[in-house]
Amino acid sequence: MERSDHIAFVVCKHDRLKNKARALSEYLGVDLREEPNRTDVGKYLNCGRDYYIEFKDALVCLKSLDHKKHGPIFSDFSCKSLEYRRLSRGVKQEAIARAVGVSGNYRPDVIDLTAGMGDDAFILASLGCNVTLVERNPVVFSLLENGFDRAQSYDALNIDIREIVKRMRIVFMDGSTFLNIDSVSADVIYLDPMYQKRRKSSAVRKEMQAFHSIIGTDEDAPNLVSVALKKARYRVVVKRPLRAEYLSNSEPSFSIKGKTTRFDIFVLPRFQK
Ligand SMILES: C[S@@+](CC[C@H](N)C(=O)[O-])C[C@H]1O[C@@H](n2cnc3c(N)ncnc32)[C@H](O)[C@@H]1O
């Protein structure tokens, strides 16, 4: 479930994030270093520990020990792709918005049970939804938390982003454990679990490969859908590759299809008209 066996060590040069870096290295049971120290890289690569996490100034990123693989991976709510989606697309163009049921003035409260780097949740929050992001993988959560912390301290240039993240809260926990808390409730529960690796390789796919190494595939996702169906008030939304099978035993009420992905929407019977 929580895969940390691909992480060689944690690197932190500065005092600012030292406590977080130390906590993560202890949680993962790996060394905390001031420098990557490339002399023993071979040793780590040989035992499949091909990534490290770097805390540098205010940024936390995942890096490959084999630099040719891909550049640093980090959570960035001010990146170009999210900026484009936030500024040029609205509810009608964002399939995810229609999937969770955003319409008119209605903005559902959403729990994103598989937060990852938080992109989907950020888009929902940019459209006005309050979103709780739940992530269980310690490496991914560190990246997400750092993107979230940086966004909260953005200056006037990125004031919109700072306002958007005020509608988000992050939780480090397994999704089903979170849903079992009595006081937790949401209009809509959203899931986007990791799926099987595809063979194509582009720069983006290489980043996905990193995630597949760190996270693996979320084999317990069908169970998570069942728990979500018992807890959500109005809808459960599951993001899937376009041609993938349904994640649940029951068929969704309807699906919204894009070029490569599909949203399966379960409208809960007690609220169907
Ligand atoms: C494909 S990624 C999600 C990407 C995300 N939608 C985004 O926009 O960045 C799936 C994430 O869900 C997390 N995850 C899977 N099952 C989970 C569970 N039961 N509880 C919490 N997190 C889970 C994985 O660790 C992984 O980071």
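Here the structure is a predicted model, which means the values were calculated and not measured.

Colleague: Please explain the domain arrangement of the protein chain as it appears in this structure.
Modeller: Often the size quoted for an interface is simply the accessible area lost on bringing the parts together. Assigned domains of the protein chain: these are domain 1 (7–64) and domain 2 (80–271). Placing the centre of domain 1 and that of domain 2 at their C-alpha centroids yields a distance of 28 Å. With 13 residues of domain 1 at the interface, the matching set in domain 2 holds 13 residues. Summed over both partners, the interface of domain 1 with domain 2 comes to about 1000 Å²; 72% of that surface belongs to carbon and sulfur atoms. A per-residue breakdown of the area domain 1 buries against domain 2 is headed by Tyr51, Val60 and Leu62, which together make up 40% of the total. Connecting domain 1 to domain 2 are 2 salt bridges. The interface formed by domain 1 and domain 2 includes 4 residue pairs in polar contact (both at pLDDT 80 or more). When contributions to the side of domain 1 that touches domain 2 are tallied by element, the ones reaching two or more residues are helix H1 (18–28), strand S3 (51–56) and strand S4 (59–64).

Colleague: Hey, could you run me through the sheet that holds strand S1 (residues 7–12) in this one?
Modeller: Reading across the sheet, the 4 strands line up as S2-S1-S3-S4 and stay open at both edges, with mixed pairing between neighbours. Each edge of the open sheet is held by one strand with a lone partner, namely strand S2 (31–33) and S4. When strand polarity is set aside, the average angle formed by the axes of neighbouring strands in this sheet is 25 degrees. In terms of strand pairing, S3 meets S4 through 6 bridges, oriented antiparallel. Looking across to S4, one finds that tyrosine 51 is bridged to serine 64. Contacts from H1 reach S1, S2 and S3 within the one sheet, and its direction differs from that of S1 by about 165 degrees. Together, S1, S3 and S4 form the strand contacts of helix H6 (residues 138–152), whose direction differs from that of S4 by roughly 145 degrees.

Colleague: Help me understand H1 in this model?
Modeller: Three or four residues apart is the spacing at which side chains of an α-helix point the same way, because the helix has 3.6 residues per turn. Lys18, Ala21, Leu24, Ser25 and Leu28 are the residues of H1 that are buried. The buried residues of H1 occupy one face: seen down the axis, they fall within an arc of 130 degrees. In H1, the exposed positions angled more than 90 degrees off the buried face are occupied by Asn19 and Glu26. Of the surrounding secondary structure, the elements contacted by the buried residues of H1 are S1, S2, S3 and H6. Within two residues after H1, glycine 29 carries a phi angle of roughly 70 degrees, on the positive side.

Colleague: What exactly am I supposed to notice about the environment of lysine 166 here?
Modeller: Checked against the element boundaries, lysine 166 lands in the loop between helix H7 (159–165) and strand S7 (168–172). Of the residues examined, lysine 166 reaches a relative accessible area of 59% and is grouped as exposed. Considered as a pair, lysine 166 and valine 131 are 35 residues apart in the sequence and their alpha carbons are 9.6 Å apart. Within polar-contact distance, the side chain of lysine 166 engages the side chain of glutamate 163 at 3.0 Å.

Colleague: Explain the packing of aromatic side chains here, please?
Modeller: Considering all chains together, one arrives at 7 aromatic pairs under this definition. Aromatic pair phenylalanine 9 and tyrosine 44: ring centres 5.4 Å apart, planes at 75 degrees, arrangement edge-to-face. With phenylalanine 9 in strand S1 and tyrosine 44 in helix H2 (residues 41–46), the pair connects residues that are 35 residues apart, well separated along the chain. We note that phenylalanine 9, like tyrosine 44, is buried. For the pair tyrosine 190 and phenylalanine 263, a centre-to-centre distance of 6.5 Å together with 40 degrees between the ring planes defines the contact as tilted. Pair noted here: tyrosine 190 is in strand S8 (residues 188–191) and phenylalanine 263 is in strand S11 (residues 261–267), with a separation of 73 residues, a long-range link. In textbook terms, an aromatic cluster arises when at least three aromatic residues are bridged by ring pairs, as seen for Phe9, Tyr44 and Tyr52. Above the face of the phenylalanine 9 ring, arginine 33 is positioned so that its terminal group lies 4.1 Å from the ring centre. Note that lysine 43 overlies the ring of tyrosine 44, its terminal NZ or CZ placed 4.8 Å from the centroid.

Colleague: Help me out: how do you make sense of the packing of helix H3 (residues 80–88) against helix H5 (residues 119–126) in this one?
Modeller: Any two packed helices are characterised by the angle at which their axes cross and by the distance between the axes. Between H3 and H5, the least distance of the axes is 10 Å, while the angle of their chain directions is 25 degrees. As summarised for this structure, H3 and H5 are arranged roughly parallel, according to the angle between their axes. Between H3 and H5 lies a crossing whose hand is right-handed. Judged by residue contacts, Leu82, Arg85 and Arg86 of H3 engage Asp119, Asp120, Phe122, Ile123 and Ser126 from H5.

Criteria and cut-off values
- Residues numbered from 1 in each chain as written.
- Predicted model: local features only at pLDDT ≥ 70, side-chain atom pairs only at ≥ 80, totals over all residues.
- Heavy atoms only, no water.
- Domains from an automatic or database assignment.
- Contact = heavy atoms within 4.5 Å.
- Buried area = accessible area lost by both parts, 1.4 Å probe.
- Salt bridge = Lys/Arg side-chain N within 4 Å of Asp/Glu carboxyl O.
- Polar contact = N/O pair within 3.5 Å; in protein donor to acceptor, adjacent residues only side chain to side chain.
- Helix = DSSP H or I, 4+ residues; strand = E, 2+ residues; numbered from the N terminus.
- Pairing = 2+ DSSP bridges.
- Axes fitted to C-alpha atoms, helices over the stretch in contact; angles between N-to-C directions.
- Buried < 20%, exposed > 50% of the residue type's maximum accessible area, 1.4 Å probe, protein only.
- Arc of directions from axis to C-beta.
- Phe/Tyr/Trp six-rings, centres within 6.5 Å; stacked < 30°, edge-to-face > 60°.
- Lys NZ or Arg CZ within 6 Å of the ring centre and 35° of its normal.
- Parallel < 35°, antiparallel > 145°, perpendicular 65-115°, else oblique.
- Left-handed = near helix turned anticlockwise from the far one by under 90°.

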